[in-house]
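Below, each chain spelled out in residue letters.
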Amino acid sequence: MSLPKRIIKETERLIAEPAPGISATPHEDNLRYFDVIIAGPGQSPFEGGVFKLELFLPEDYPMAPPKVRFLTKIYHPNIDKLGRICLDILKDKWSPALQIRTVLLSVQALLSAPNPDDPLANDVAQHWKEDEKDAINTARDWTRLYAQN
Amino acid sequence: MKFAKTLETTATELPVEWRPYFINYKLLKKCINKIVAEIETRGLIHQITTDSKDNSETQKVEYMFSGDPGNLHPLLKIAIEGNDLSEPDALSGEQLTKVNLGAAHLNVTECHNGSHHNLGISPIPEAESDDRNYIYVELDSEVEFFNMLTKDMNNAMELSEQVQREQYQTDISNLQKQISTVANALTTSDRQASPKNKDMYIWREIFRLYIEWKVFQGAQSTSYSKDKMQGFVEEIEKMKLMKSMKSNTSRRALKSFLELNSSLLVFSQFYTTNQMAVTKILKKHDKRSGLTASSDFPVFMQKDVFFASGMLEMVYEFINTKLVTIIPQLEDYCCPVCYSIAWRPIRLACSHVFCVRCLIKAQKKNMLNCPICRAEKAVGNADANNLDHSLQNLMQTYFSREIKEKRKENEREQAIQDCQAITGRQYTGDEACIIM
């Protein structure tokens, strides 16, 4: 099974010109599977953290969105216990003109701007809505606990 | 001191005939000494220094340039409040005396040197309608300094313009003709044979590399450009592009193209060094004299290309528009979904172009909006009428190999799909919406 030209080109560009704060490396034995690292954005409760994710390009990519999941535990209203991400472009708002790079940039932006009104992790979103300060403190604690080493 | 040295060493690296066109940094520096001395002997030091410290409206030295670049008059415009005498309380006594002293001193100077037209108080260039009186003072050494500087700048500009006009423009135009005949598929009548027998693909590669290395792009230093140029040349050698050329004209043209670029590097060095010399000498002038030529002089010389640094950009721009565009680059004709040539190009209502294959796939998946701008139903409404014929013709002329490859890809994909249909195994289809 040969890799489509698009995936090869995207991978080349990702490695040649990585987006700031983001790295994505394909597995040697499966070039559709990427190890991703996103640095917690500054001025967010995730600052200073290093978050691991996995990204998989399904067979019909780019007609279908990549599958992305957090591997590092994170306290975020739009990311659940299993690391699944609630992001429209990963679901119904996917467009084949989007790329791995743009997807990961969106995930990075989601860390800067949590959206408790469209929650995936209900308890976290509740916390965020009721006492944002306290929720942010918990997120900071989790970042220190799970995303720093 | 340091810069004078660098200037000298740079000069030795450049063509002999360009050397007289350098800014005469040393002479200008000596002239600055004269300015300092003149300011001192004419008792202006007070005026200039109080101005920088004290911003009060009452006593202001304004530094200005009048005349035109060929015959320049730097002036010190010293304001004396018109109603000084009627409202003496408005001013502190000390300041008042200073102004008066200064004015008196100047008047004396004029009397002494009544025969010398350049000295003393100049006529007021324009009618001032406010209630202040102004004295305009012109310093001999200042006049000398700026006329020397503008003369040097004009010389440098003249050489630059001459080089640009006579050398680069004709060189580039000639190259354009040469490369067009050897590389451009459109110039031959025999279309069938043209792309294969010509060096179009090699030239495309050369220009692709040229764009990639960005030899002259961005306002970078000359040494940066030198490194980039070297990288570009090495890459061409590594890929044996010159050797694989079919026609001798091609090889000659490539040689001239490389020569053109190296001579541009030298020119860029000459140009930027001169520019830097002007900036440095103006800074030195300001530091020693307390005046503000660094900001005021460029404003006065505004129309001058010297400060605009447009000359070099013009030449690069010329290369980019006349030469690099002779052959279209594949990147500009790729489908944003599959990243290979957008063959058969379909232009959606929103004017975004995709290859027909990707749009069919999208339609099958019921993704009906434009992938780029999400224009509603743009994909859904597209049909055979959306084929862009002129674009298709252009692609046929310039990208025959890529189209062939794309056709093969499409056939293979089609075969796989047919196979799946026969075996009944389906990988596409609408699976339930799952996250992850």
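Every value quoted in this text rests on a predicted model; they were computed, and no experiment measured them.

What counts, and where the lines are drawn
Throughout this document, residue positions are counted from 1 along each chain, in the order its sequence is written. To read the labels, note that chains go from A and ligands from 1, taken in the order they are written. The model is predicted, so local features are restricted to residues of pLDDT at least 70 and side-chain atom pairs to those at 80 or more, both for listing and for counting; the totals for chains, interfaces and linings are taken over all residues. We count a stretch as a helix when DSSP gives it H or I for four or more residues in a row; a strand needs E for two or more, and each element gets its number in order from the N terminus. Buried means a residue has 20 or more other C-beta atoms within 10 Å of its own C-beta, exposed means 12 or fewer, and partly exposed covers the counts in between; C-beta atoms are placed from the backbone. Residues are defined as contacting one another if the C-beta atoms placed from their backbone atoms lie within 7 Å. Only buried residues count toward a nonpolar core: Ala, Val, Leu, Ile, Met, Phe, Trp, Tyr and Cys, linked into one set through C-beta atoms within 7 Å. These domain boundaries are the output of an automatic or database domain assignment. UniProt positions are given in the numbering used here, feature names are shortened, and annotations may be inferred rather than shown by experiment. Here, a strand pair is defined by DSSP locating no fewer than two bridges between the strands. Helix span, as expected, comes to 1.5 Å for every residue beyond the first. The arc refers to the directions leading from the helix axis to the C-beta atoms. Under this grouping Gly is polar, as are all residues other than the nonpolar Ala, Val, Leu, Ile, Met, Phe, Trp, Tyr, Cys and Pro and the charged Asp, Glu, Lys and Arg. Inter-axis angles, ranging from 0 to 180 degrees, are taken between N-to-C directions of lines fitted to C-alpha atoms, where helices are fitted over the stretch in contact.

A. Representation of the overall build of chain B within the structure. Helix and strand counts for chain B come out as 15 helices and five strands. Across the 436 residues of chain B, 27% fall into the buried class. Expressed as a percentage of contacts within chain B between residues at least 6 apart in sequence, the contacts between residues at least 24 apart total 62%.

B. How the structure looks around the overall build of chain A. A tally of regular secondary structure across chain A gives four helices and four strands. Starting at the N terminus and walking to the C terminus, you meet the elements of chain A as α-β-β-β-β-α-α-α. Expressed as a percentage of its 149 residues, the buried residues of chain A come to 34%. Of the contacts formed within chain A by residues at least 6 apart in sequence, a portion of 54% connects residues at least 24 apart.

C. Highlighting the nonpolar core. All names here are of chain B. Counting residues in hydrophobic clusters, the biggest one holds 51 residues, and the most contacted among them are Trp203, Ile206, Cys335, Phe354 and Cys358. Secondary structure elements with two or more residues in this core: helix 5 (140-183), helix 7 (200-213), helix 9 (248-289), helix 12 (310-322), strand 5 (353-355), helix 13 (356-364) and helix 14 (389-398). Residue-level mapping places this core at the junction of two domains, with at least three residues from each of domain 2 (151-327) and domain 3 (331-423).

D. Representation of the UniProt feature "active site" (unreviewed entry) in chain A within the structure. Residue and element names in this part refer to chain A. Sequence positions flagged by UniProt for "active site" (unreviewed entry) are, in local numbering, Cys86. Along the chain, Cys86 turns up in the loop between strand 4 (67-70) and helix 2 (100-112). Discounting residues that sit within four places of it in the chain, Cys86 has contacts with Asn78, Asp118 and Leu120.

E. A look at the pairing of strand 1 (residues 22-26) of chain A. Residues and elements named next belong to chain A. Two strands pair when backbone bridges link them, and strand 1 and strand 2 (residues 33-39) are joined in this way by five bridges, in the antiparallel orientation. Bridge assignment links Ser23 to a residue of strand 2, and that residue is Ile37. Counting the residues in the hairpin turn of strand 1 and strand 2 gives six residues.

F. Molecular detail of the UniProt feature "domain: RING-type" (unreviewed entry) in chain B. UniProt marks residues 335-374 of chain B with the feature "domain: RING-type" (unreviewed entry), using the numbering shown here. Across residues 335-374 of chain B, helical content stands at 22% and strand content at 15%; the span's end C-alpha atoms are separated by 16 Å.

G. Spatial organisation of helix 4 (residues 132-146) of chain A. All names here are of chain A. Under the 1.5 Å per step criterion, the end-to-end length of helix 4 is 21 Å for 15 residues, consistent within 8% with the ideal 21 Å. Within the span of helix 4, buried status applies to Ala135, Ala139 and Thr143. Each buried residue of helix 4 lies within a common arc of 85° when the element is viewed along its axis, so the set occupies one face. In helix 4, the exposed positions angled more than 90 degrees off the buried face are occupied by Lys133, Asp134, Asp141, Arg144 and Leu145. On its buried face, helix 4 sits against helix 3 (122-130).

H. Local environment of the environment of Leu104 of chain A. Residue and element names in this part refer to chain A. Relative to the helices and strands, Leu104 is located in helix 2. Remark: the alpha-carbon pair of Leu104 and Val36, spanning 68 residues in sequence, is separated by 8.7 Å. With residues up to four places along the chain from it excluded, the contact list for Leu104 reads Ala19, Ile22, Ala24, Val36 and Ile38.

I. Representation of the interface of chain B and chain A within the structure. On the side of chain A, 14 residues touch chain B, which itself brings 17 residues to the contact. In the side of chain B that touches chain A, the residues fall into twelve nonpolar, two polar and three charged.

J. A look at the sheet that holds strand 1 of chain A. Residue and element names in this part refer to chain A. The four strands are arranged 1-2-3-4 in an open sheet whose pairing can be described as antiparallel. Two strands close off the open sheet at either side, each with one partner strand: strand 1 and strand 4. This sheet shows a mean twist of 20° between the axes of neighbouring strands, independent of strand direction. Strand direction decides the pairing type here: strand 2 and strand 3 (residues 50-56), joined by seven bridges, are antiparallel. Bridge pairing in strand 3 links Tyr33 to Phe56.

K. Up close: helix 2 (residues 25-41) of chain B. Residue and element names in this part refer to chain B. In this model, helix 2 (17 residues) spans 25 Å end to end at C-alpha, consistent with the 24 Å of a helix rising 1.5 Å per residue. For helix 2, the set of buried residues is Tyr25, Leu28, Cys31, Ile32, Ile35 and Ile39. Take helix 2 and look down its axis: the buried residues cluster within an arc of 115°, on one side only. Residues of helix 2 that are exposed and angled more than 90 degrees away from the buried face: Lys26, Lys30, Asn33, Ala37, Glu40 and Thr41.

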